[in-house]
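Below, each chain spelled out in residue letters.
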Amino acid sequence: MSDKIHIRICVGTYSYIMGGAELMNLKEEIPEKYQELVKIDAAVSLPNCDEKTMKPPFVEINGELICEASKETILLKIQEIIESEK
Amino acid sequence: MIKNNAMFIRRELLTRLCTQLQEGGSLELIDRIPLEMKPRNNSHIRCCVHKDRAVLKYKLMACLGFNIEDESDELTPLSEYVKITEEKEDITDVRLTVVDEVCLSCSPGNYVVTNMCQSCDGRPCQVNCPKDAINFSSGRAQIDANDCVNCGLCLKYCPFHAIIYTPVPCEEACPVDAISKDKNGIANINHDLCIFCGRCFEACPYGAVMEKSHIVNIYKALKSEEEMIALVAPALYGQFAASPEQVHAAIIQLGFDKVVDVAVGAEITAQKEAHELEEEILGNPDQKMTTSCCPSYQELAKKHLTNLEEKLSTTQTPLYYTSELVKQENINAKLVFISPCMAKKHEVFATKVADYTLNFEELGSMLAAAEIEMQSIKIEETEKKNLEARVFSYSGGVTEMVKSHLQSTEGLKETKLSGFSKENIKQLKALALGKSDYNFYEIMACEEGCVNGCNTIAKPSLAKRQIKKYSSNN
């Protein structure tokens, strides 16, 4: 892969209490073979997310906003990106 | 803590409620919360959108501090309940209330024949049933609920595993049989038996067991001229992706005048408990002592395992000592304890060490409603201060602190027990009868300690890691 997969986890208070807290050890949950390919950081707010109309927790992967994010949906997205670049 | 949607619905309700209770909010908009969360064109969980809204209204009643069963007029709007709560000062000892409308959705614990039944010739389920409760009139085994005594023999003997047991989650979770469905199918909590461990509250997949909140009273006090001091349980420092100083600053932004870390009192508890251990236990081979800082364990000893009561250390809890120190300097201030669990709420009520309790979920909701983002708060390096006694918040931490205050650990045989599982209760029963090789027990009702209290937000393992970081002076 040319560039790393960039994951930004929203740690805004509402997103955090609505499930974002579960994603705080995401790095450890990512399979070892993908570890090198992924860069994770936290953001207090993400562009395009609206707490009033969208369901938290929010995560952004390579610029794409994911609502109701979970460890499972994130891992699936990582796999999708890797597969598409093969 | 079990992650489920019932938990997130509760947090959404609390956040929406806090938005309207804080400065600039509108009481009338509280009445619209169920409509906003369940608009007409949205899919519904129950029979219709109206029932979903009714359930949300009842859950909000609990958030406003009411017993749902005390409702006398179904048409009383939520905004009216806010006004009633604001006017009454007394807080009752009832912590939990059950949303009967939704509790009914969960059938009483029973044995069910699935479509795996092969209608075999042997019919061991029928042959071995002591109450003749099984018939094959429809061609497949059927259990007559009126005759069934829930003995489970049908499940045991079915060679196709076609019979299953559907439990009542709250009943299964309760370690002291304090909650059970009545003849109408609604869970009743026996307050004389309840030890406030919060397991039923966590276990109910419908979120029917609700904790009554003090948030209305707290907002009222925050808007007044009264001095408000937050006493913070050390477990809080593992809950948010923020430093203790950022957490304190966020609480101040909510309108509190001062924030005090209960680790200050935990240090005193550790010193006194170590002294008690040296005086009463070490060198006295027949004596055994348990910690007493977990109020749920205290209740277990007082209500169920009375032989353990004499083994409880007489040292007071960290909250007690912290409150004592704070009250000496701030006679007229209102104290709010920020708590990881329901048992601590009971301690506050029973001992009057604080005026109100705010649990971690409620605090998170208040911060979210006020749009306070802890991570954005800048803290000067010089303001940072770690406190060792924050380790009280996880299993093993109390022992660690007590040991550090002993002059010698000779003769000490310590062990720790966290979580009131059936196995641990068995161990406690043995201890109550004096059957134990240890002479010092650290006991916490929640597995892994307060970091896993029923009102916590973060994963216990992550919370513990973070608290360790903020406890160490190295």
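Quick caveat: nothing in here was measured; it's all calculated off a predicted structure.

1. Digging into empty space enclosed by the protein
Residue and element names in this part refer to chain B.
- A complete count under the given rule lists eight cavities of 30 Å³ or more for this structure.
- Computed from the structure, the largest cavity encloses a volume of approximately 310 Å³.
- Lining the largest cavity are 27 residues, with Cys293, Cys294, Pro340, Lys344 and Cys450 positioned closest to its centre.
- Among the elements of the structure, helix 14 (295-303), helix 15 (318-329) and helix 16 (342-351) are those that each provide at least two residues to the lining of the largest cavity.
- Residues that form the lining of the largest cavity fall into these classes: 22 nonpolar, four polar and one charged.

2. Details of the layout of surface pockets
- In this structure, the largest pocket spans a volume of roughly 1300 Å³.
- Lining of the largest pocket is provided by 46 residues; of these, A:Tyr14, A:Met18, A:Lys55, A:Pro56 and B:Glu12 occupy positions nearest its centre.
- Among the elements of the structure, helix 4 (71-84) of chain A together with helix 1 (5-21), helix 3 (33-37), helix 4 (49-63) and helix 17 (360-369) of chain B are those that each provide at least two residues to the lining of the largest pocket.
- Across the lining of the largest pocket, the residue classes tally to 20 nonpolar, nine polar and 17 charged.
- Within this model, the second largest pocket holds a volume of roughly 440 Å³.
- Secondary-structure elements contributing two or more residues to the lining of the second largest pocket are helix 2 (26-29) and strand 2 (38-43) of chain A together with helix 20 (460-469) of chain B.

3. Some thoughts on the confidence of the model for chain B
- Here chain B averages 94 in pLDDT, and 98% of its residues register 70 or above.
- For this predicted complex, the interface score ipTM comes out at 0.93, alongside a pTM of 0.94.

4. Regarding the sheet that holds strand 15 (residues 440-444) of chain B
All names here are of chain B.
- With parallel pairing, three strands are arranged side by side in an open sheet as 11-15-14. In this open sheet, the two strands that pair with only one neighbour each are strand 11 (289-290) and strand 14 (414-418).
- As judged from the five bridges shared by strand 14 and strand 15, these two strands associate in the parallel manner. Of the residues in strand 15, the one forming a bridge with leucine 417 is isoleucine 443.

5. A look at the packing of aromatic side chains
All names here are of chain B.
- For the structure on display, the rule yields five aromatic pairs over all chains.
- Here the guanidinium or amino end of arginine 95 rests over the ring plane of phenylalanine 196, the centre of that ring lying 5.5 Å away.
- Above the face of the tyrosine 237 ring, arginine 390 is positioned so that its terminal group lies 4.5 Å from the ring centre.

6. Comments concerning the side chain of B:Asn330
All names here are of chain B.
- With respect to the secondary-structure elements, asparagine 330 resides in the loop between helix 15 and strand 12 (334-339).
- A polar contact is formed between the side chain of asparagine 330 and the backbone oxygen of valine 326, at a distance of 2.9 Å.
- If near-sequence neighbours (up to four positions away) are discounted, asparagine 330 is found in contact with Glu227, Ile229 and Lys258.

7. Observations concerning the side chain of B:Asn359
Residue and element names in this part refer to chain B.
- Position of asparagine 359 relative to the elements: it lies in strand 13 (residues 356-359).
- Only 2.8 Å separates the side chain of asparagine 359 from the backbone nitrogen of glutamate 362, close enough to count as a polar contact.
- Ignoring sequence-local partners within four residues, the contact set of asparagine 359 consists of Glu211, Ser339 and Asn455.

8. What about the sheet that holds strand 4 (residues 64-66) of chain A?
Residues and elements named next belong to chain A.
- Strand order across the open sheet formed by four strands is 2-1-3-4, with mixed pairing between neighbours. Of all the strands in the sheet, the pair left with one neighbour each is strand 2 and strand 4. Each adjacent strand pair in this sheet contributes to an overall mean axis angle of 25°, direction not counted.
- As defined by bridge partners, strand 3 (residues 59-61) adjoins strand 4 across three bridges and the pair is classed as antiparallel. Opposite valine 59, over in strand 4, you have isoleucine 66 as the bridge partner.
- Set on the sheet, helix 4 makes contact with strand 1 (5-10), strand 2, strand 3 and strand 4; between it and strand 1 the angle comes to about 160°.

9. Structural notes on the packing of helix 1 of chain B against helix 11 (residues 215-223) of chain B
All names here are of chain B.
- The N-to-C vectors of helix 1 and helix 11 enclose an angle of 30°; their axes lie 11 Å apart at closest approach. By the angle between their directions, the pair helix 1 and helix 11 is classed as roughly parallel. For the pair helix 1 and helix 11, the crossing hand works out as right-handed. Residues Leu14, Leu17, Cys18 and Leu21 of helix 1 touch helix 11, and the partners they reach there are Ile215, Val216, Tyr219 and Lys223.
- Each residue belonging to the contact of helix 1 with helix 11 can be placed in one class, and the counts come to seven nonpolar, no polar and one charged.

10. Quick word on the packing of helix 13 (residues 263-281) of chain B against helix 15 of chain B
Residues and elements named next belong to chain B.
- Their axes nearest at 7 Å, the elements helix 13 and helix 15 cross at an angle of 120°. When the interaxial angle is binned, helix 13 and helix 15 end up oblique. Helix 15 is crossed by helix 13, and the crossing has right-handed handedness. On helix 15, the residues touching Val264, Gly265, Ala266, Ile268, Thr269 and Lys272 of helix 13 are Pro318, Tyr321, Thr322 and Leu325.

11. Examining the interface of chain B and chain A
- Chain B puts 24 residues into the contact, and the matching count from chain A is 17 residues.
- Buried surface at the junction of chain B and chain A, summed over both partners, amounts to about 1700 Å²; 58% is from carbon and sulfur atoms.
- Between chain B and chain A we count three salt bridges in total.
- Inspection of the region where chain B meets chain A yields eight residue pairs in polar contact (both at pLDDT 80 or more).
- Those elements that provide at least two residues to the side of chain B that touches chain A are helix 1, helix 17 and helix 20 of chain B.

About the criteria used
Residues numbered from 1 in each chain as written. Chains lettered and ligands numbered in written order. Predicted model: local features only at pLDDT ≥ 70, side-chain atom pairs only at ≥ 80, totals over all residues. Heavy atoms only, no water. 1 Å grid on protein atoms, 1.4 Å probe; cavity = no way out; pocket = protein on both sides within 12 Å on 5 of 7 lines; lining within 4 Å. Points joined across faces, edges and corners; volume = space filled by probe spheres on them. Helix = DSSP H or I, 4+ residues; strand = E, 2+ residues; numbered from the N terminus. Nonpolar A, V, L, I, M, F, W, Y, C, P; charged D, E, K, R; others polar. pLDDT = per-residue confidence, 0-100. Pairing = 2+ DSSP bridges. Phe/Tyr/Trp six-rings, centres within 6.5 Å; stacked < 30°, edge-to-face > 60°. Lys NZ or Arg CZ within 6 Å of the ring centre and 35° of its normal. Polar contact = N/O pair within 3.5 Å; in protein donor to acceptor, adjacent residues only side chain to side chain. Contact = heavy atoms within 4.5 Å. Axes fitted to C-alpha atoms, helices over the stretch in contact; angles between N-to-C directions. Parallel < 35°, antiparallel > 145°, perpendicular 65-115°, else oblique. Left-handed = near helix turned anticlockwise from the far one by under 90°. Buried area = accessible area lost by both parts, 1.4 Å probe. Salt bridge = Lys/Arg side-chain N within 4 Å of Asp/Glu carboxyl O.

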